[in-house]
Amino acid sequence: MKKTLGTVLVAAGMVGSMLFVSCGKKEVQLGKTGKPRVTFMLIDYDGSPLSGEHAPEVVSKMTEYTGTDVEFTFVAHDSYEEKVGLALASPKDMPMIMYSQKLNRGLIDAAKAGAFWDLNEFLWDEAKYPNLSKANKNVCQSLTVDGKLVGLYKARDIGRMGFAYRTDWAEKLKIPEPKTVNDVYNMMKAFAEKDPDGNGIRDTYGLAMCKYTGPFDIIQTWFGAGNGWVERDGKLIPSHKTAEYKQALEWMKKMYEEKLIAPDWAVRGTETWQDQVKKGEAGIFVDVMDGSRRIWDYMVNNNIPSVSKESKTAGMTLVGPINGKTQATAGYNGFLLITKAAKTKEQVEACLHYLDKMCDDEMLILAGYGLEGINYEIDGEGYLIDTDIKDPSSSKSHTALNQTQCFIPKQLVAAQPSVRQTERKYKELEVIANNEKYAVFNPALSYLTNAPSYAENGAILDQLLSDTRTQFICGQIDSVGLSKAFDRWEAIGGAKLIEEVNEQYKANKK
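So, a few notes on the structure that sits alongside this text. Each chain has its residues counted from 1, running along the sequence as written. Local features in this predicted model are restricted to residues whose pLDDT is 70 or higher, and side-chain atom pairs enter the listing and the counts only when it is 80 or higher, whereas totals over whole chains, interfaces and linings include all residues. Based on all heavy atoms of the structure, the side-chain values leave hydrogens and waters out of the count.

### Points about the nonpolar core
For step 1, the next point in the chain: Within the largest apolar cluster, 77 residues are counted, with the highest numbers of intra-cluster contacts made by Ile 97, Phe 116, Leu 132, Tyr 153, Ile 338, Leu 352 and Leu 355.
For step 2, the next point in the chain: Working rule for contacts: check all heavy atoms of both residues, and any pair within 4.5 Å makes them a contact. With residues near it in sequence (within four places) discarded, Ile 97 still touches Val 38, Thr 39, Phe 40, Met 41, Leu 336, Leu 337, Ile 338, Cys 351 and Leu 355.
For step 3, the next point in the chain: In this structure, Met 209, Ala 248, Met 252 and Val 501 belong to the second largest nonpolar core, which totals 56 residues. We define the nonpolar core as a collection of buried residues of types Ala, Val, Leu, Ile, Met, Phe, Trp, Tyr and Cys that are connected through side-chain atoms lying within 4.5 Å of one another. The cut-offs for exposure are 20% and 50% of the maximum accessible area for each residue type, with area from a 1.4 Å probe on protein chains only; residues under the lower value are buried, those over the upper are exposed, and the others partly exposed.

### Quick word on helix α11 (residues 345-357)
For step 1, the next point in the chain: Numbering of helices and strands runs from the N terminus, with a helix taken as a DSSP run of H or I at least four residues long and a strand as a DSSP run of E at least two residues long. Every helix has an expected span of 1.5 Å times one less than the residues it contains. For α11, with 13 residues, the first-to-last C-alpha span of 18 Å sits near the 18 Å given by 1.5 Å per residue.
For step 2, the next point in the chain: Those residues of α11 not exposed but buried are Glu 346, Gln 347, Val 348, Ala 350, Cys 351, Leu 352, Tyr 354, Leu 355 and Asp 356.

### A closer look at the pairing of strand β6 (residues 97-100)
For step 1, the next point in the chain: Alternating residues of β6 divide into Ile 97 and Tyr 99 and Met 98 and Ser 100, and every residue in both groups is buried.
For step 2, the next point in the chain: Here 2 bridges tie strand β4 (residues 37-44) to β6, and the two strands are oriented parallel to one another. Residue pairing in the sheet places Met 41 in a bridge with Met 98 of β6.
For step 3, the next point in the chain: For β6 and strand β17 (residues 332-338), the ladder comprises 4 bridges, and the chain directions are antiparallel. A pair of strands is considered paired only if DSSP assigns at least 2 bridges between the two.

### Here we look at the sheet that holds β6
For step 1, the next point in the chain: Reading across from one edge, β5-β4-β6-β17-β9 is the order of the 5 strands in this open sheet, with mixed pairing throughout. A strand with exactly one partner marks an edge of an open sheet, and here the two such strands are β5 (69-76) and β9 (152-155). Averaged over all neighbouring strand pairs, the angle between strand axes comes to 25 degrees, with direction disregarded. Only C-alpha atoms enter the line fits that serve as axes; for helices the fit covers just the stretch in contact. Angles between N-to-C directions range over 0 to 180 degrees.

### Side note on the packing of helix α1 (residues 55-66) against helix α12 (residues 361-369)
For step 1, the next point in the chain: Interhelical geometry of α1 versus α12 gives an angle of 165 degrees and a closest axis separation of 11 Å. The orientation of α1 relative to α12 falls into the category roughly antiparallel. α1 and α12 meet at a crossing whose hand is left-handed. Across the interface between the two elements, Val 58, Lys 61, Met 62, Tyr 65 and Thr 66 from α1 touch Glu 362, Met 363 and Leu 366 from α12.
For step 2, the next point in the chain: Asp, Glu, Lys and Arg are counted as charged, while Ala, Val, Leu, Ile, Met, Phe, Trp, Tyr, Cys and Pro are counted as nonpolar; the rest, among them Gly, fall into the polar class. A per-class count over the contact of α1 with α12 returns 5 nonpolar, 1 polar and 2 charged. Note on angle classes: values under 35 degrees are labelled roughly parallel, values over 145 roughly antiparallel, values of 65 to 115 roughly perpendicular, and the remainder oblique. Handedness of a crossing follows from how the near helix is turned relative to the far one, being left-handed for an anticlockwise turn of less than a right angle and right-handed for a clockwise one.

### Concerning the pattern of salt bridges
For step 1, the next point in the chain: The working definition used for a salt bridge is a side-chain nitrogen of Lys or Arg within 4 Å of a carboxyl oxygen of Asp or Glu. For the structure on display, the rule yields 28 salt bridges.
For step 2, the next point in the chain: Of the charged contacts in the structure, one is a salt bridge between Asp 290 and Arg 294, with a shortest N-O distance of 3.3 Å. One end of the pair, Asp 290, and the other, Arg 294, are both in helix α10 (residues 289-301), 4 residues apart, so they sit about a helical turn from each other.
For step 3, the next point in the chain: Exposure remark for Arg 294: the relative accessible area of 35% places this residue in the partly exposed category.
For step 4, the next point in the chain: With its nearest N and O atoms 3.3 Å apart, the salt bridge here joins Glu 428 to Lys 425. You can see Glu 428 and its partner Lys 425 sitting in helix α13 (residues 423-435), 3 residues apart, about one turn around the helix.
For step 5, the next point in the chain: For Glu 428, a relative accessible area of 3% translates into the label buried.
For step 6, the next point in the chain: Salt bridges here are not isolated pairs; linked through shared partners, they connect Arg 293, Asp 297, Arg 424, Lys 425 and Glu 428.

### Some details on the sheet that holds strand β14 (residues 282-288)
For step 1, the next point in the chain: If you trace the 4 strands from one edge of the open sheet to the other, you get β11-β14-β10-β15, paired in mixed fashion. Bordering the open sheet on either side are β11 (205-207) and β15 (316-320), each of which pairs with just one other strand. Recorded for the sheet is a direction-independent mean angle of 20 degrees between the axes of neighbouring strands.
For step 2, the next point in the chain: Two strands pair when backbone bridges link them, and strand β10 (residues 161-166) and β14 are joined in this way by 5 bridges, in the antiparallel orientation. Counterpart to Tyr 165 in the pairing with β14 is Ile 284.
For step 3, the next point in the chain: Set on the sheet, helix α7 (residues 214-222) makes contact with β10, β11 and β14; between it and β14 the angle comes to about 85 degrees.

### Observations concerning the environment of Gln 276
For step 1, the next point in the chain: Along the chain, Gln 276 turns up in helix α9 (residues 273-278).
For step 2, the next point in the chain: Note: C-alpha distance between Gln 276 and Leu 429 (153 residues apart in sequence) is 24 Å.
For step 3, the next point in the chain: N or O atoms closer than or at 3.5 Å make up a polar contact, with two conditions inside protein: a donor-capable atom paired with an acceptor-capable one, and, for residues adjacent in sequence, both atoms drawn from side chains. Of note is the side chain of Gln 276, whose polar atom sits 2.9 Å from the backbone oxygen of Met 209.

### Regarding the environment of Val 307
For step 1, the next point in the chain: Inspection of the secondary structure assignment puts Val 307 in the loop between α10 and β15.
For step 2, the next point in the chain: Residue class for Val 307 comes out partly exposed when judged on its relative accessible area of 28%.
For step 3, the next point in the chain: Expressed as a C-alpha distance, the spacing of Val 307 and Glu 231, which sit 76 residues apart in the sequence, is 45 Å.
For step 4, the next point in the chain: Ignoring anything within four residues of it in the chain, the contact list for Val 307 reads Arg 166, Asp 168, Trp 169, Lys 172, Pro 196 and Asp 197.

### Notes on the packing of aromatic side chains
For step 1, the next point in the chain: Aromatic pairing here means that ring centres of Phe, Tyr or Trp (its six-membered ring) are within 6.5 Å. Orientation follows from the plane angle: under 30 degrees is stacked, over 60 is edge-to-face, and everything else is tilted. The final tally for this structure, using the stated rule, is 14 aromatic pairs.
For step 2, the next point in the chain: The interplanar angle of 70 degrees and the centroid separation of 6.0 Å between the aromatic rings of Tyr 447 and Tyr 505 together place this pair among those described as edge-to-face. Of the two residues, Tyr 447 sits in helix α14 (residues 445-450) while Tyr 505 sits in helix α16 (residues 479-509), which places them 58 residues apart along the sequence. Tyr 505 shares its class with Tyr 447; the two are buried.
For step 3, the next point in the chain: One aromatic cluster is present, formed by Phe 40, Phe 72, Phe 74 and Tyr 354 through successive ring pairs.
For step 4, the next point in the chain: The residue whose ring lies beneath Lys 137 is Trp 124, and the NZ or CZ to ring-centre distance is 4.8 Å.
For step 5, the next point in the chain: Across the ring face of Tyr 185, the terminal group of Lys 254 is positioned such that the distance to the ring centre comes to 4.5 Å. Note on geometry: a ring has a charge over it if NZ (lysine) or CZ (arginine) is within 6 Å of the ring centre and within 35 degrees of the ring normal.

### A look at the side chain of Thr 204
For step 1, the next point in the chain: Residue placement: Thr 204 occurs in the loop between α6 (181-193) and β11.
For step 2, the next point in the chain: Owing to a relative accessible area of 2%, Thr 204 belongs among the buried residues under this scheme.
For step 3, the next point in the chain: A polar contact of 2.6 Å, which involves the side chain of Thr 204, links it to the backbone oxygen of Phe 191.
For step 4, the next point in the chain: Among residues more than four places away in sequence, those in contact with Thr 204 are Trp 169, Phe 191, Ala 192, Pro 196, Asp 197, Gly 280 and Glu 281.

### So, the side chain of Asp 388
For step 1, the next point in the chain: Mapped onto the elements, Asp 388 comes out in the loop between β19 (384-386) and α13.
For step 2, the next point in the chain: The class for Asp 388 is buried, based on a relative accessible area of 14%.
For step 3, the next point in the chain: Among the polar contacts listed, one links the side chain of Asp 388 to the side chain of Asn 375, at a separation of 2.6 Å.
For step 4, the next point in the chain: Polar side-chain contacts of Asp 388 include one of 2.7 Å to the side chain of Ser 394.
For step 5, the next point in the chain: Excluding anything up to four places from it in sequence, Asp 388 contacts Asn 375 and Ser 394.

So this is what it looks like as structure tokens:
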């Protein structure tokens, strides 16, 4: 809010250092330095946040840059959820802003009772919030209750999932970069059958797999089965009820039958997963792009020779989408709620102003690295050098501030000045950014959170689908068994879940 001497009147009543200031009919709270006051409840992860010799200077810089007086309450990690529950039960103890990891039943009930502001009324004002207004609306949809946006997400990469393969194996076998599902199948078959490592033995596989079945979720999006749920004819249905899902299952079953993946994949531990590619057992990795990049790092750092040219090291090609699709992540890691402890719209705007400014490069760097000349230096090429990386205690002066950051529209790694990265890391970031255009979201995510039957039976329903998929791929059940399992899913709560999801979906479209 813009304030001038002619329009600012100090209210007669003072509470501690807090002043109430009126601009016409508008009201905002001022803190001890005369700047708008915001209260924040956050997690104390490791004791004594914002402590140490340089913490006062860090907080002072934050206060001046954001134009906001922030009063922090830190709660020990193991008692944080209990504290949130107590705050919800006693509104006078609520902070204006608080963090939550997930939209649980307690928060949903509180939202329905009006405990939080609907951020849709504010967030999309580009002039006021040049950073936050760039929030992804698909991700925001996951944090809605009764059509109201109750949470401001802390961003994670949407396009993190995708396809990658061993570059040297493809070069040796003269296989071009895959674009379609058929291309992927042909590459897998060649990697399994055409001796890519040149040892004369059939001891390689196409796709690295283990008992974690996340790669299958990604593969299903390639076929158009959606991401858990999909919209069809104006309704939301779970992916397993689509024809595309069954096509994907048949494709994966064929992959298993032809030994394009290890026959014991379903009992292999996750610790073996990346090693399958690192050690030359498999040539394709489908998961997060940073996982594929770490495999590439291993090959370079350990001088693993290329099978196509011994003078070079082996490497990975990070592709991302296949058939123009890849699975979207949820897009966030926790979120911030603005509670009705912010009593007026002006106080909400003060909260959002602070959160928006904390997304600027200057504040991303302050929270991420601390103070120039103390915690980091800038080299002759303009790159940031973290000088106290070996002293974790020094970060206590600043890192707690990253809990107040939404990382919209950019993550710390994209802030300037930046830390110099390897070419492999830059390639990963490029692919992740490109993936966002092709990322398939789960349109039912927020509705599942709000569905009573999912709160009661969601884990059981999800596990049934996962087990059934594995059993079909491995030939333990046939199409009849698949249909029976799907019928059981509906009988034990799935049918009711579909009904509850679509009741919300229909109401939200009005």
